[in-house]
Amino acid sequence: MNTISDTMTANKSRQAATMQGETSAQDSDTPSLSILMDDRKASRANAAKASAEKLNFWYGSNQALKNINLVIPEHQVSALIGPSGCGKSTFLRCFNRMHDLQADTKYEGAITLRPDNVNLVGPETDPIEVRMRIGMVFQKPNPFPKSVFENVAYGLRLRGVNGRTELAERVEKALRAAAIWDEVKDRLNESALALSGGQMQRVCIARALATDPEILLFDEPTSALDPIATAKIEELITELRSRVTILIVTHNMQQAARVSDFTAFMYLGELVEVDATSKIFTNPSKKATEDYITGRYG
Amino acid sequence: MAATAHLTLEEIRKGLSWRKQLDKAFTVLGLALLFCCLGILAILFFDLVRDGSSRFGWDFFTSFPSRKAENAGILSAAVGTMLIMVVTALVALPLGVAAAIYLEEYAPKNWFTGIIEINVTNLAGVPSIIYGLLALGLFVYQFNFGQSVLTAGLTLALLILPIVIVATRESLRAVPKAIREAAYGLGATRWEVTKDHVLPYSTGGILTGLILGLSRAIGETAPIITIGALSFIAFLPPSPVTGEFPFLNFEWLMSEFTAMPIQMFNWVSRPDQAFQANAAAAGAILLGMTLAMNAVAIWIRYRFRKKISW
């Protein structure tokens, strides 16, 4: 038991070291988590699950993301905050290539997924392959107008899972993980549209979890929900981090403070600052971040 | 500035009562115009029913046309119309839906697609007799389909294709982007998104469009006359279902036919007054068929709306 965890720690610090090596090659003022991780105790350091490197993105001729460098630590919740139009959702949607559904968009640079070092935004990478590895939960709950069961099973069916018992098992597992099983176990065959907004959103989370994604993206997942449903989703997000690496966009700073381990502040398409959430909200190092979190604009 | 800006209570009430009267006036005007339209339809229908009342009866439905007005019936015309509608629906549905899916989901947005789209819309405005001429040249003489049920069905399918395409595109477009994103987000391909989600959720709108198209086609006379339908048919096409293996037979496709509007046209143009009653009765039945199809379309739309609400 000890040896295994020792090996894992060693493995993680080796990865952290690699990251640091990469970082030192970049501009010295580039915000990066690896600097931060260096400060933390080695045992708590987390391996990077993905890292954006010099990521630029255009809608037509309009550059929406400018030279973004960010490391997403594994099994942690990273939050993206910033005023409307700052590019946080645009950045999030690069991770599962949602922009490819739209004509006239262009990526440059890389988002490297570890450990196999696939460039998620590379032209050589199939967007469907990317979406099979990285799940997403959207702003407004968007269940299919099908039964609860079929909603959660859909991703599995796409992956060729057709056995009745296997489907049932994995659907149940996903619904349990999304903390909605007890509420829907007797109505699996009812339409998901008959559920409340918060329940729908948790079914959508279950739908994304069912296929065991490597990263789960949340795009303002509670902005259409009431406070009680929001609290449930937030609690769920903090619990889920042990299963999956999470990246969440939110315009609600309290939410970022409550659920995330790391927070990145974006402004006008640039990444201004990234740090441990507690540090960002108590002692940010950039003036722009401080102005935003103290409510001077936004 | 602000102190003098607001109105007194009296001024507010006076202005409001005038504006509310305008509101009422428009309601009355709208209702009046609506009843005008419905009234014309009702008068038309009841006039046909009254004129044809002497002819309604089981015999009218089970008799072939005859030289004697009191013996004549609509059997061959009604059967012909139904068979033509079957061919039309079977051709127009897959072609129209496939074209709409391509245009809506697959086609890149460029000038070429733009031209296709404009022309599909333009096709809906082409006079129906032009379709008849096209069919006469293409189906009757070029393909040698003859003056058959098949030719008539294909012609009417062409005629309603734009209606089906436009209706289908509209119902595909009504599927919210969020639903497509949900499916794409799970790793679905474009075809999987279309067949598992977009198509099933827009079935109601597609079927409604098809039925509205068919109810337009059922009354079309000009194109069917152009391809040379006969008006005196005293036999039925071979039955599509037979007692012997393989139980289906497609000879009816090549059979000569007549249809409801043609039968009606034929009777109207007879000098004998007694045939006018036959024409009126056939007209009432045709109108009834159209209204029934529209009712089915409304019912389908209602059913699907209830099941799927975004």
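Look up: the structure comes first, before these words.
Conventions and cut-offs
Residues numbered from 1 in each chain as written. Chains lettered and ligands numbered in written order. Predicted model: local features only at pLDDT ≥ 70, side-chain atom pairs only at ≥ 80, totals over all residues. Helix = DSSP H or I, 4+ residues; strand = E, 2+ residues; numbered from the N terminus. Buried ≥ 20, exposed ≤ 12 C-beta atoms within 10 Å, placed from the backbone. Contact = placed C-beta atoms within 7 Å. Rg over C-alpha atoms; globule rule 2.2 N^0.38 Å. Pairing = 2+ DSSP bridges. Nonpolar A, V, L, I, M, F, W, Y, C, P; charged D, E, K, R; others polar. Core = buried A, V, L, I, M, F, W, Y, C linked by C-beta atoms within 7 Å. Axes fitted to C-alpha atoms, helices over the stretch in contact; angles between N-to-C directions. Parallel < 35°, antiparallel > 145°, perpendicular 65-115°, else oblique. Left-handed = near helix turned anticlockwise from the far one by under 90°.

(A) Structural view of the overall build of chain A. Summing up its helical and strand segments, chain A has 12 helices and 10 strands in all. Looking at chain A as a whole, 46% of its 298 residues are labelled buried. For chain A, contacts bridging at least 24 residues in sequence account for 69% of all contacts bridging at least 6.

(B) Layout of the overall build of chain B. Helices and strands together make up the secondary structure of chain B, namely 12 helices and 0 strands. In chain B, the succession of α and β elements from N to C terminus is α-α-α-α-α-α-α-α-α-α-α-α. The C-alpha radius of gyration computed for chain B amounts to 26 Å, which surpasses the reference 19 Å derived for 310 residues by more than 25%, pointing to a less compact arrangement than a globule. Dimensions of chain B along its principal axes, counting C-alpha atoms only, are 90 × 55 × 35 Å. Per-residue burial for chain B yields a buried fraction of 36% across its 310 residues. In chain B, the proportion of contacts linking residues at least 24 apart, taken out of those at least 6 apart, comes to 78%.

(C) Expanded view of helix α11 (residues 260-268) of chain B. All names here are of chain B. Of all 9 residues that make up α11, 7 are buried, and the element is covered over most of its length. Within α11 the residues assigned to the buried category are Met-260, Pro-261, Ile-262, Gln-263, Met-264, Asn-266 and Trp-267. Residues of α11 that are buried in the fold lie against α4 (75-106), α10 (222-226) and α12 (273-307).

(D) Spatial organisation of the sheet that holds strand β1 (residues 48-59) of chain A. Sheet architecture is open: 4 strands sit in the order β2-β1-β4-β5 (chain A), paired in antiparallel fashion. Two strands bound the open sheet, and with one partner strand each, they are β2 (62-73) and β5 (118-119) of chain A.

(E) Broad picture of the interface of chain A and chain B. Each partner contributes to the interface: chain A provides 18 residues, whereas chain B provides 16 residues. If you list the elements that add at least two residues to the side of chain A that touches chain B, you get α4 (127-133) and α5 (148-158) of chain A. Residue classes in the side of chain A that touches chain B are distributed as 12 nonpolar, 4 polar and 2 charged.

(F) Region of the structure containing the environment of Met98(A). Mapped onto the secondary structure, Met98(A) falls in the loop between α3 (88-94) and β4 (105-113). Judged by the 23 C-beta atoms lying within 10 Å of it, Met98(A) is buried. Remark: the alpha-carbon pair of Met98(A) and Arg131(A), spanning 33 residues in sequence, is separated by 8.5 Å. Dropping the residues within four chain positions of it, Met98(A) is found in contact with Arg93(A) and Glu181(B).

(G) Spotlight on the nonpolar core. One finds Val152(A), Ala206(A) and Ile160(B) to be the most contacted residues of the largest nonpolar core, which totals 152 residues. With sequence-adjacent residues up to four places away left out, Ala206(A) is seen in contact with Val152(A), Ala174(A), Leu175(A), Ala177(A), Ala178(A) and Ile180(A).

(H) Structural view of the sheet that holds strand β9 (residues 262-267) of chain A. Residue and element names in this part refer to chain A. Read from one edge to the other, the open sheet built from 6 strands follows the order β6-β7-β8-β3-β9-β10, with strand pairing classed as mixed. The open sheet has two edge strands with one neighbour each: β6 (134-137) and β10 (270-276). Adjacent strand axes in the sheet meet at a mean angle of 20 degrees when their direction is disregarded. When strand β3 (residues 77-81) meets strand β8 (residues 245-249), the two strands line up parallel, connected through 4 bridges. Pairing of Val-77 across the sheet is with Ile-246, part of β8.

(I) Summary view of the packing of α4(B) against helix α7 (residues 149-173) of chain B. Residues and elements named next belong to chain B. Two numbers describe how α4 lies on α7: the axes approach to 6 Å, and their chain directions differ by 40 degrees. The orientation of α4 relative to α7 falls into the category oblique. Crossing of α4 against α7: the hand is right-handed. Here the contact of α4 with α7 is built from residues that sort into 23 nonpolar, 5 polar and 4 charged.

(J) Main features of the packing of helix α2 (residues 9-52) of chain B against α12(B). Residues and elements named next belong to chain B. Their axes nearest at 7 Å, the elements α2 and α12 cross at an angle of 135 degrees. Considering their axes alone, α2 and α12 lie oblique with respect to each other. As for how α2 packs across α12, the hand of that crossing is left-handed. Between α2 and α12, the residues in contact are Phe-45, Leu-48, Val-49, Asp-51 and Gly-52 and Gln-276, Ala-277, Ala-280, Ala-281, Gly-283, Ala-284 and Leu-287, respectively.

(K) Structural view of the environment of Lys306(B). Looking at the secondary structure, you find Lys306(B) in helix α12. Along the sequence, Lys306(B) and Glu11(B) sit 295 residues apart, while their C-alpha atoms lie 46 Å from each other.

(L) Examining helix α8 (residues 177-185) of chain B more closely. Ala182(B), Ala183(B), Tyr184(B) and Gly185(B) are the residues of α8(B) that are buried. Residues of α8(B) that are buried sit in contact with α4 and β6 of chain A together with α9 (190-217) of chain B. Gly187(B), located one to two residues past α8(B), shows a positive phi value of around 100 degrees.

(M) Geometry of the pairing of β4(A). Residue and element names in this part refer to chain A. In terms of strand pairing, β1 meets β4 through 8 bridges, oriented antiparallel. The residue bridging Trp-58 from the neighbouring strand is Lys-106, located in β4. Relative to β5, β4 runs antiparallel, the two being bridged by 2 bridges. Each residue of the ladder has a partner; that of Leu-113, found in β5, is Val-118. Following β4, the chain reverses through 4 residues before pairing antiparallel with β5; Asn-117 in that reversal takes a positive phi of roughly 55 degrees.

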